[in-house]
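Residues per chain, in single letters:
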Amino acid sequence: MNCLYLSRHGEGSDIAFRMSLDGVRVRLWIENPDMKDVADGLVPKVTDWRPSVKWADLIVMDYNSDELAKIW
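What counts, and at which threshold
Residues numbered from 1 in each chain as written. Predicted model: local features only at pLDDT ≥ 70, side-chain atom pairs only at ≥ 80, totals over all residues. Heavy atoms only, no water. Buried < 20%, exposed > 50% of the residue type's maximum accessible area, 1.4 Å probe, protein only. Helix = DSSP H or I, 4+ residues; strand = E, 2+ residues; numbered from the N terminus. Arc of directions from axis to C-beta. Contact = heavy atoms within 4.5 Å. Pairing = 2+ DSSP bridges. Axes fitted to C-alpha atoms, helices over the stretch in contact; angles between N-to-C directions.

Asker: Describe helix 1 (residues 13-21), with residues and values.
Answerer: Of the residues making up helix 1, those classed as buried are Ser13, Ala16 and Met19. With its buried residues spanning 120° around the axis, helix 1 presents them on a single face. Facing away from the buried side of helix 1 by more than 90 degrees, the exposed set consists of Asp14 and Leu21. Here the buried face of helix 1 lies against strand 1 (2-7), strand 2 (25-30) and strand 3 (58-61). Note on helix 1: the residue one or two positions beyond its end, Gly23, has a positive phi of about 95°.

This is the structure:
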(Lines give C-alpha, C1' and ligand atoms only; values in the text may rest on other atoms or scores of the structure.)
Protein backbone atom coordinates (compact mmCIF):
# COMPACT_ATOMS: atom_id res chain seq x y z
CA MET A 1 0.00 0.00 0.00
CA ASN A 2 1.15 3.55 -0.76
CA CYS A 3 0.24 6.30 1.72
CA LEU A 4 0.66 10.03 1.27
CA TYR A 5 0.65 11.78 4.65
CA LEU A 6 -0.04 15.52 4.65
CA SER A 7 0.90 17.39 7.80
CA ARG A 8 0.93 21.05 8.82
CA HIS A 9 3.82 20.91 11.32
CA GLY A 10 4.83 17.25 11.23
CA GLU A 11 2.58 16.17 14.09
CA GLY A 12 1.71 12.92 12.36
CA SER A 13 5.26 11.96 11.45
CA ASP A 14 5.28 9.32 14.21
CA ILE A 15 2.21 7.67 12.67
CA ALA A 16 3.77 7.84 9.21
CA PHE A 17 6.96 6.27 10.59
CA ARG A 18 5.02 3.48 12.31
CA MET A 19 3.12 2.78 9.09
CA SER A 20 6.45 2.46 7.24
CA LEU A 21 7.64 -0.08 9.82
CA ASP A 22 4.54 -2.13 9.04
CA GLY A 23 5.46 -2.25 5.35
CA VAL A 24 3.42 0.66 4.04
CA ARG A 25 5.25 2.83 1.50
CA VAL A 26 4.88 6.34 2.94
CA ARG A 27 5.57 9.80 1.61
CA LEU A 28 5.35 12.68 4.08
CA TRP A 29 4.69 16.32 3.19
CA ILE A 30 5.05 19.05 5.82
CA GLU A 31 3.50 22.45 5.08
CA ASN A 32 5.37 24.64 7.60
CA PRO A 33 8.80 25.57 6.19
CA ASP A 34 10.24 25.92 9.71
CA MET A 35 9.37 22.28 10.46
CA LYS A 36 10.76 20.68 7.28
CA ASP A 37 13.46 18.82 9.25
CA VAL A 38 10.92 16.87 11.35
CA ALA A 39 11.32 13.11 10.82
CA ASP A 40 14.44 13.50 8.67
CA GLY A 41 15.85 10.04 8.02
CA LEU A 42 12.75 8.28 9.31
CA VAL A 43 10.19 8.77 6.55
CA PRO A 44 10.68 9.75 2.88
CA LYS A 45 9.43 13.29 2.36
CA VAL A 46 8.21 15.22 -0.66
CA THR A 47 8.44 18.96 -1.27
CA ASP A 48 5.19 19.01 -3.27
CA TRP A 49 2.34 16.65 -2.44
CA ARG A 50 0.41 17.05 -5.71
CA PRO A 51 2.46 14.64 -7.89
CA SER A 52 2.10 11.92 -5.23
CA VAL A 53 -1.72 11.96 -5.27
CA LYS A 54 -1.97 9.48 -8.15
CA TRP A 55 0.74 7.31 -6.55
CA ALA A 56 -1.12 7.05 -3.24
CA ASP A 57 -3.69 4.40 -2.36
CA LEU A 58 -4.45 6.27 0.87
CA ILE A 59 -4.13 9.98 1.69
CA VAL A 60 -4.06 11.01 5.35
CA MET A 61 -4.29 14.64 6.51
CA ASP A 62 -3.67 15.48 10.14
CA TYR A 63 -5.36 18.87 9.78
CA ASN A 64 -8.05 20.62 7.78
CA SER A 65 -6.96 23.43 5.48
CA ASP A 66 -9.12 25.73 3.38
CA GLU A 67 -6.32 25.88 0.82
CA LEU A 68 -6.11 22.09 0.54
CA ALA A 69 -9.89 21.92 0.27
CA LYS A 70 -9.88 24.38 -2.65
CA ILE A 71 -7.21 22.40 -4.50
CA TRP A 72 -8.68 19.02 -3.66
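Asker: Describe the sheet that holds strand 3, listing the residues and the values that go with them.
Answerer: One open sheet accounts for three strands, arranged 2-1-3; its pairing is parallel. Where the open sheet ends on each side, the last strands, each with one partner, are strand 2 and strand 3. On average, each strand axis in the sheet is inclined to that of its neighbour by 15°, with strand direction left out of account. Where strand 1 meets strand 2, six bridges bridge the pair, whose relative direction is parallel. Within the sheet, the bridge partner assigned to Tyr5 lies in strand 2 and is Leu28. Set on the sheet, helix 1 makes contact with strand 1, strand 2 and strand 3; between it and strand 2 the angle comes to about 165°.

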